[in-house]
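# Structural overview
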Amino acid sequence: MDTDPIPSLVDALRRLRSLSYRDLALASGISSPSNLREWVLGLPSRLSVERAGRVLESVGLDRYTRELFPGLHRWSVGKETMPLLAGILPLLFPEPLLHVWGRTGASSPLCQAFWLLLARNSSRVLVDLSDAPESGKESLSALLERRSGPLEVKEPRRAVALSADDLSRLADPDLGSEALDRIFALSSSEISAWTYERLFERLWADGIDPAEAARRLGFV
């Protein structure tokens, strides 16, 4: 019998989001972190379907599709968590996968690269690589290049130089996908077609309220 990969995926996302079992249990409304830990280890009876669904949502997954929610997700990657990416990227980002490195001005795309943006459809993952070893970035870069598809830009290891202002904006907990795309110089042609979420974010960023949008569309 095939093993359900979801508990292991949830545990990987828990670690990438820097959550302890207690943190995740608290966020999911589960009184016993030990039940959550045992569920991750392969004992499904430890959590009801409803509670397992709340756990999925707490790490950024839709409980029904088991895909990343639209919008921005934040992961932190260090020496211990770097190996997790190879296992979860194929599950969360079927090809093609668009990726852009964010660096602090060095000439080499991977030198001083502290951020990585993963983008597919309306989902974005901003990966903090400040604690990742350089060897791990090299391995991750090779993995991403193998997974890139027709949506990927032509330049190998595409990177953008981040200013001090950009770094400050990346730390903003209220940062949205539209603003993130502008920081990483992503154009709409490089990612998926417009979605309602992206449209609403753009209207909000441009200060266009629903009444004004309706007027421009000729509804009123």
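Now for a look at the structure at hand. Keep in mind it's a predicted model, so treat the numbers as computed, not measured.

Rules used throughout
Residues numbered from 1 in each chain as written. Predicted model: local features only at pLDDT ≥ 70, side-chain atom pairs only at ≥ 80, totals over all residues. Heavy atoms only, no water. Helix = DSSP H or I, 4+ residues; strand = E, 2+ residues; numbered from the N terminus. Expected span 1.5 Å × (residues − 1). Contact = heavy atoms within 4.5 Å. Buried < 20%, exposed > 50% of the residue type's maximum accessible area, 1.4 Å probe, protein only. Axes fitted to C-alpha atoms, helices over the stretch in contact; angles between N-to-C directions. Parallel < 35°, antiparallel > 145°, perpendicular 65-115°, else oblique. Left-handed = near helix turned anticlockwise from the far one by under 90°. Core = buried A, V, L, I, M, F, W, Y, C linked by side-chain atoms within 4.5 Å.

### Some words on helix α6 (residues 134-147)
The terminal C-alpha atoms of α6, which comprises 14 residues, lie 20 Å apart, in line with the 20 Å expected from a rise of 1.5 Å per residue. Lining the buried residues of α6 we find α5 (84-92), β2 (98-103), β3 (113-120) and β4 (123-131).

### Points about the environment of Leu 24
Mapped onto the elements, Leu 24 comes out in helix α2 (residues 21-28). A relative accessible area of 1% means that Leu 24 is categorised as buried. When the C-alpha atoms of Leu 24 and Arg 54 are compared, they prove to be 9.8 Å apart, with 30 residues separating the residues in sequence. What Leu 24 contacts, discounting residues up to four positions off in sequence, is Val 10, Arg 14, Leu 19, Leu 36, Val 55, Ser 58 and Val 59.

### What about the packing of α5 against α6?
Where α5 meets α6, the closest approach of the two axes is 11 Å, and the angle between their N-to-C directions is 20°. Between α5 and α6, the interaxial angle falls into the category roughly parallel. As for how α5 packs across α6, the hand of that crossing is right-handed. Of the residues in α6, those in contact with Leu 85, Ala 86, Leu 89 and Pro 90 of α5 are Leu 140, Leu 143, Leu 144 and Arg 147.

### Looking at the side chain of Asp 166
With respect to the element layout, Asp 166 can be found in helix α7 (residues 164-170). Take Asp 166: its relative accessible area is 12%, and that puts it in the buried class. The contacts of Asp 166, once residues within four sequence positions are left out, are Ala 161 and Ile 183.

### Description of the nonpolar core
Among the nonpolar cores identified, the biggest contains 41 residues, and Trp 39, Trp 75, Leu 118 and Leu 140 are the most heavily contacted of them. With six residues, helix α1 (residues 6-16) is the single largest residue contributor to this core. The contacts of Trp 75, once residues within four sequence positions are left out, are Leu 13, Leu 16, Arg 17, Leu 85, Ile 88, Leu 92, Leu 118, Val 125, Leu 126, Val 127 and Asp 128. Within the second largest apolar cluster, 15 residues are counted, among which are Leu 126, Val 160, Leu 170 and Ile 183.

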